[in-house]
Amino acid sequence: MNETKQPEFKEMILTRTINAPRDLVWKAWTDPNMVSQWWGPHGFTAPLCQLDLRSGGELLIHMKDPEGGINPMKGTYKEIVPKDKIVFSSYIAFEMDGKKPAAEILITILFTDKGSQTELQVRALPIKVDPELYPAVEGMEEGWTQTLDKLTAIFA
């Protein structure tokens, strides 16, 4: 049996200083109407955003790509510490030739007061990735960078 070994994906860590107080940045992550305004890379929208913000609660976000395709992102909240931390597992599946390869990414969002601003740290650790999705996971940092650009622009 010749099985492809999963590469050792490193944890991605991105930090941004956002020009808004922590309670507003927290709301941007926990209010579905706000999340839908910034979620996804440049050119993507989020027409569906459902958040059950509690440990064990689920989230479902449909990212619509520039060609009109829907890319669902499901997840399960692992830990919620109001205005301090959100931890969730993100499950991504794509149709490829009739099969659905998948990836599970553990996402941790940390919120820290910086005077009238908020330091936001996003950590993403790939847990399990099917081989077909290695390129998508390798591009995760660029996707999150663009997503955080959109979030930061809301408060500019």
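Note that this is a predicted model, so its numbers are computed, not measured. (Residues numbered from 1 in each chain as written. Predicted model: local features only at pLDDT ≥ 70, side-chain atom pairs only at ≥ 80, totals over all residues. Heavy atoms only, no water.)

For the protein, the helix and strand inventory stands at four helices and seven strands. Counting helices and strands in the order they occur from the N terminus, the protein gives β-α-α-β-β-β-β-β-β-α-α. Against the globule reference of 15 Å for 156 residues, the protein gives a C-alpha radius of gyration of 16 Å, in line with a compact fold. C-alpha atoms of the protein, sized along the principal axes, occupy 55 × 30 × 30 Å. In the protein, which comprises 156 residues, the share counted as buried stands at 41%. Put simply, the protein shows about 8,400 Å² of open surface, and 51% of that area lies on carbon and sulfur atoms. (Helix = DSSP H or I, 4+ residues; strand = E, 2+ residues; numbered from the N terminus. Rg over C-alpha atoms; globule rule 2.2 N^0.38 Å. Buried < 20%, exposed > 50% of the residue type's maximum accessible area, 1.4 Å probe, protein only. Areas by Shrake-Rupley, 256 points an atom, 1.4 Å probe, with all protein chains shown as cover.)

Time to look at the sheet that holds strand 2 (residues 45-51). The seven strands are arranged 1-7-6-5-4-3-2 in an open sheet whose pairing can be described as antiparallel. Whereas interior strands pair on both sides, the edge strands pair on one side only; in this sheet they are strand 1 (12-18) and strand 2. When the angles between neighbouring strand axes are averaged without regard to direction, this sheet yields 20 degrees. For strand 2 and strand 3 (residues 58-64), the ladder comprises five bridges, and the chain directions are antiparallel. Looking at strand 3, one finds that threonine 45 is bridged to lysine 64. (Pairing = 2+ DSSP bridges. Axes fitted to C-alpha atoms, helices over the stretch in contact; angles between N-to-C directions.)

On to helix 4 (residues 140-154). For helix 4, which comprises 15 residues, the first-to-last C-alpha distance of 22 Å matches the rise-based estimate of 21 Å (1.5 Å per residue) to within 8%. Along helix 4, the residues classified as buried are Met140, Gly143, Trp144, Gln146, Thr147, Leu148, Lys150 and Leu151. Where the residues of helix 4 are buried, they touch strand 1, helix 1 (22-30), helix 2 (32-38), strand 6 (102-114), strand 7 (117-129) and helix 3 (134-138). (Expected span 1.5 Å × (residues − 1). Contact = heavy atoms within 4.5 Å.)

Moving on, we get to the confidence of the model for the protein. Looking at the protein as a whole, its pLDDT mean stands at 90, while 91% of the residues score no less than 70. Taking the mean pLDDT of every element in the protein, the minimum, 83, falls on helix 3 and the maximum, 98, on helix 1. (pLDDT = per-residue confidence, 0-100.)

Here the focus is the packing of aromatic side chains. In the structure shown here, the tally under the stated rule is eight aromatic pairs. For the pair tryptophan 26 and phenylalanine 111, a centre-to-centre distance of 5.1 Å together with 65 degrees between the ring planes defines the contact as edge-to-face. With tryptophan 26 in helix 1 and phenylalanine 111 in strand 6, this pair connects stretches of sequence that are 85 residues apart. Residue classification places phenylalanine 111 among the buried positions, given a relative accessible area of 3%. Between the aromatic rings of tryptophan 29 and tryptophan 144, the centroid separation amounts to 6.2 Å while the plane-to-plane angle is 20 degrees, which identifies the pairing as stacked. With tryptophan 29 in helix 1 and tryptophan 144 in helix 4, this residue pair connects regions lying 115 residues apart in the sequence. Joined through ring pairs, the aromatic side chains of Trp29, Trp38, Trp39 and Trp144 make up one cluster. (Phe/Tyr/Trp six-rings, centres within 6.5 Å; stacked < 30°, edge-to-face > 60°.)

The next thing to look at is the pairing of strand 7. Across seven bridges, strand 1 lies against strand 7 in antiparallel orientation. Bridging across to strand 7, isoleucine 13 finds its partner in arginine 123.

Turning next to the nonpolar core. Counting 40 residues, the largest nonpolar core has Trp29, Trp39, Leu120 and Trp144 as its most contacted members. Take this core: its biggest share by element is five residues, from strand 6. (Core = buried A, V, L, I, M, F, W, Y, C linked by side-chain atoms within 4.5 Å.)

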